[in-house]
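Spelled out from the first residue to the last, the chains are:
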Amino acid sequence: MDKLNFLQDGALKLPPGFRFQPTDEEIVFQYLARKTFSSPLPASVVPEISLCKYDPWDFPGGDDEEQDRYFFTKKEPKYGNGNRSNRTTGSGYWKASGTDKRITSSKARDIMGMRKTLVFHRGKPPHGSRTDWIIHEYRLVNSATSGSNLSTQALQQVGNWVFCRLFLKKRGTDQNEERAAAGKEKSVRKYEFMRSSTEMDDADADDDVERSSSSSSSSNSSCGSSFVTNNEATSSHQVHGFNDQQTNHWQWL
């Protein structure tokens, strides 16, 4: 059976309804690893394009900027035999951003992938203006121990090809993230306000209970004092009455 070929003039042309959306693991171990070690690819869907030859908006593959573009490219040294890659185009340059992501597979323990994020800047470095054009660059690295039987040629080929995914970042993505963050912050403030209000209500309730207890104690004390005073008055009255009776009795005699 002939291998499927969907490349026309260096661009991917799929039948209507078909999409090429490989995962990171599929990109590294089904396409990049096969390309690196000269193994047959699952299908001819990824062209070979020089990164420095095109500006991001001029890449082969049609005029639809919302469509992702996938391609193989060879790393070009920036200075002779140096390790730094040349990523300069006619209108600007690609600049690395963030940290690289590891991509591993349980079926391939000797190699693993690394995904680097590149952002296109217009102008000349280091004063270029950032754009929304992004590339995810996948490279193959050796993760084997010293006991590996990989040949020198194989190790050299690990860094020879890279797989790129080019896309235009949607502006709404940042706005949605900012809205989500603002909504989360608002919810936190609302929760803190409700919690503080509840604590204040609890404190007021405790104060009311304390004031009620104090009032009851004062009332009981007042009632006790009145009772004692009445008793004392009664006793005093009885004493005075007895003395009056005695006085009258002696006067009668």
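Anyway, here's the lowdown on the structure attached to this text.

Scoring rules and cut-offs
- Residues numbered from 1 in each chain as written.
- Predicted model: local features only at pLDDT ≥ 70, side-chain atom pairs only at ≥ 80, totals over all residues.
- Heavy atoms only, no water.
- Helix = DSSP H or I, 4+ residues; strand = E, 2+ residues; numbered from the N terminus.
- Contact = heavy atoms within 4.5 Å.
- Buried < 20%, exposed > 50% of the residue type's maximum accessible area, 1.4 Å probe, protein only.
- Pairing = 2+ DSSP bridges.
- Core = buried A, V, L, I, M, F, W, Y, C linked by side-chain atoms within 4.5 Å.
- Salt bridge = Lys/Arg side-chain N within 4 Å of Asp/Glu carboxyl O.
- 1 Å grid on protein atoms, 1.4 Å probe; cavity = no way out; pocket = protein on both sides within 12 Å on 5 of 7 lines; lining within 4 Å.
- Points joined across faces, edges and corners; volume = space filled by probe spheres on them.
- Nonpolar A, V, L, I, M, F, W, Y, C, P; charged D, E, K, R; others polar.
- Polar contact = N/O pair within 3.5 Å; in protein donor to acceptor, adjacent residues only side chain to side chain.

Some points on the environment of Arg130
So, step 1. Note on placement: Arg130 falls in strand 6 (residues 129-142).
So, step 2. Expressed as a C-alpha distance, the spacing of Arg130 and Val119, which sit 11 residues apart in the sequence, is 7.2 Å.
So, step 3. Aside from chain neighbours lying at most four places away, what touches Arg130 is Ser97, Val119, Phe120 and His121.

Considering unusual backbone geometry
It is generally the case that most residues other than glycine have a negative phi and that most peptide bonds are trans.
So, step 1. The residue after Pro125, namely Pro126, is reached through a cis peptide bond having omega 0 degrees.
So, step 2. Mapped onto the secondary structure, Pro126 falls in the loop between strand 5 (108-122) and strand 6.
So, step 3. Positive phi, close to 55 degrees, is recorded for Ser38, a residue that is not glycine.

Comments concerning the pairing of strand 7 (residues 161-168)
The side chains of a regular strand alternate, first on one face of the sheet and then on the other.
So, step 1. Of all eight residues making up strand 7, six are buried, and the element is well covered by its neighbours.
So, step 2. Where strand 3 (residues 69-74) lies against strand 7, six bridges are found, and the strand directions are antiparallel. In the strand pairing of strand 7, Phe72 is matched with Phe163.
So, step 3. With seven bridges joining them, strand 6 and strand 7 adopt antiparallel strand pairing. Directly across from Arg139, in strand 7, lies its bridge partner Val162.

Considerations on the nonpolar core
So, step 1. Core analysis: the largest hydrophobic core is formed by 20 residues, its most contacted members being Tyr31, Leu32, Val46, Phe72, Tyr138 and Phe163.
So, step 2. Of the residues forming this core, the biggest block, six residues, is contributed by helix 1 (residues 24-36).
So, step 3. Among the nonpolar cores identified, the runner-up in size contains 12 residues, and Leu51, Phe71, Trp133 and Cys164 belong to it.

Notes on the pattern of salt bridges
So, step 1. On inspection of all chains with the given rule, the structure shows seven salt bridges.
So, step 2. A salt bridge links Arg115 to Asp24; the nearest nitrogen and oxygen atoms lie 3.1 Å apart. One end of the pair, Arg115, is in strand 5; the other, Asp24, is in helix 1, with 91 residues separating them in the sequence.
So, step 3. Assessed through its relative accessible area of 17%, Asp24 is described here as buried.

A few points about empty space enclosed by the protein
So, step 1. A complete count under the given rule lists one cavity of 30 Å³ or more for this structure.
So, step 2. Along its surface, the largest cavity is lined by Leu51, Cys52, Thr73, Lys74, Lys75, Glu76, Ser85, Asn86, Arg87, Glu137 and Val162.
So, step 3. Here the residues of the lining of the largest cavity sort into three nonpolar, three polar and five charged.

Description of the environment of Asn86
So, step 1. By the element assignment, Asn86 lies in the loop between strand 3 and strand 4 (92-105).
So, step 2. Given a relative accessible area of 24%, Asn86 falls into the partly exposed group.
So, step 3. With 11 residues separating them along the chain, Asn86 and Lys75 place their C-alpha atoms 7.5 Å apart.
So, step 4. When near neighbours in sequence (up to four residues on either side) are disregarded, Asn86 contacts Cys52, Glu76, Pro77 and Lys78.
So, step 5. There is a polar contact of 3.3 Å between the side chain of Asn86 and the backbone nitrogen of Thr88.

Quick notes on the layout of surface pockets
So, step 1. For the largest pocket, the calculated volume is near 400 Å³.
So, step 2. Together, 22 residues line the largest pocket, and Leu12, Phe20, Gln67, Asp68 and Tyr70 are the ones closest to its centre.
So, step 3. For the lining of the largest pocket, the elements supplying multiple residues, two or more each, are strand 2 (11-12) and strand 3.
So, step 4. In terms of residue count, strand 3 provides more of the lining of the largest pocket than any other element does, three residues in total.
So, step 5. Of the residues in the lining of the largest pocket, the class split is 13 nonpolar, four polar and five charged.
So, step 6. Reported here for the second largest pocket is a volume of approximately 320 Å³.
So, step 7. If you trace the second largest pocket, you find 14 residues lining it, with Lys78, Arg84, Ser85, Arg87 and Trp94 closest to the centre.
So, step 8. When the residues that make up the lining of the second largest pocket are grouped by side-chain class, the tally is five nonpolar, four polar and five charged.

Some points on the environment of Asp55
So, step 1. Looking at the element boundaries, Asp55 is found in the loop between helix 1 and strand 3.
So, step 2. Put simply, Asp55 and Tyr93 are 38 residues apart on the chain and 8.7 Å apart in space, counted from C-alpha to C-alpha.
So, step 3. With residues near it in sequence (within four places) discarded, Asp55 still touches Thr89, Gly90, Ser91, Gly92 and Phe120.
So, step 4. Polar side-chain contacts of Asp55 include one of 2.7 Å to the side chain of Thr89.

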